[in-house]
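The chain contents come next:
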Amino acid sequence: MALVPYMAIEEGPDKGRTFDTDDVRFVIGRGQAQAQFVLSGQDPAVSRAHFQIDRRGDTFIITNRSPNRTSVNGVVTDQTLLNDNDLIKIGHSTVIRFSLKDRSELEANPNL
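Within each chain, residues carry numbers counting from 1 in the order of the written sequence. A pLDDT threshold of at least 70 governs which residues receive local features in this predicted model, and a stricter bar of 80 or more applies before side-chain atom pairs are shown or counted, although totals over entire chains, interfaces and linings include all residues. No hydrogens and no water enter the side-chain calculation; it runs on all heavy atoms of the structure.

Student: So what exactly am I meant to see when it comes to the sheet that holds strand β4 (residues 37-38) here?
Tutor: Two modes of strand pairing occur in sheets, parallel and antiparallel, and in both the strands are linked by backbone hydrogen bonds. Being paired, for any two strands, means DSSP has found at least two bridges between them. For helices the rule is a DSSP run of H or I covering at least 4 residues; for strands it is a run of E covering at least 2, with both sets numbered from the N terminus onward. In spatial order, the strands read β4-β3-β5-β6-β9; together these five strands make up an open sheet with mixed pairing. Lying at the two open borders of the sheet, with one neighbouring strand each, are β4 and β9 (79-82). Across six bridges, strand β5 (residues 51-56) lies against strand β6 (residues 59-64) in antiparallel orientation. Pairing of arginine 55 across the sheet is with phenylalanine 60, part of β6.

Student: Which parts of the structure should I look at to understand the nonpolar core?
Tutor: Considering soluble globular proteins, one finds that nonpolar side chains tend to be buried as a cluster. Judged by nonpolar contacts, the single largest core of 18 residues is most densely connected at Met7, Ile28, Phe51, Ile53, Leu82, Ile88 and Ile96. When sequence neighbours within four positions are dropped, the list of residues in contact with isoleucine 53 reads Met7, Val24, Arg25, Phe26, Phe60, Ile61, Ile62, Leu82 and Phe98. For our purposes a nonpolar core is just a set of buried Ala, Val, Leu, Ile, Met, Phe, Trp, Tyr and Cys residues, chained together by side-chain atoms within 4.5 Å. In this scheme, a residue with accessible area under 20% of its type's maximum is buried, one over 50% is exposed, and one in between is partly exposed, where area comes from a 1.4 Å probe on protein chains only. Here, residues are in contact when the closest pair of their heavy atoms is within 4.5 Å.

See below:
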């Protein structure tokens, strides 16, 4: 089973958008040139490169890259391990659910 990170925005201006990737490092933010998952920029406290996630084997590490806060499950962090179904809050109102999905499940159900 090939698990990939799957991000679903649950609150904020980009609610409903999703992102998945096989990359070992990816950045989330509002900057076209800086981020692989580009948010709309309607939340003014989201930075161009707000945070990055690095995959190390089956482990995922989130690192804040912004002068603005990043929190995981309500705890402000500069860097921490991510677990399936963790909630990441950035900006004023953007909440992103981090989960792990099977690649074949995503391909069979593109509207997850």
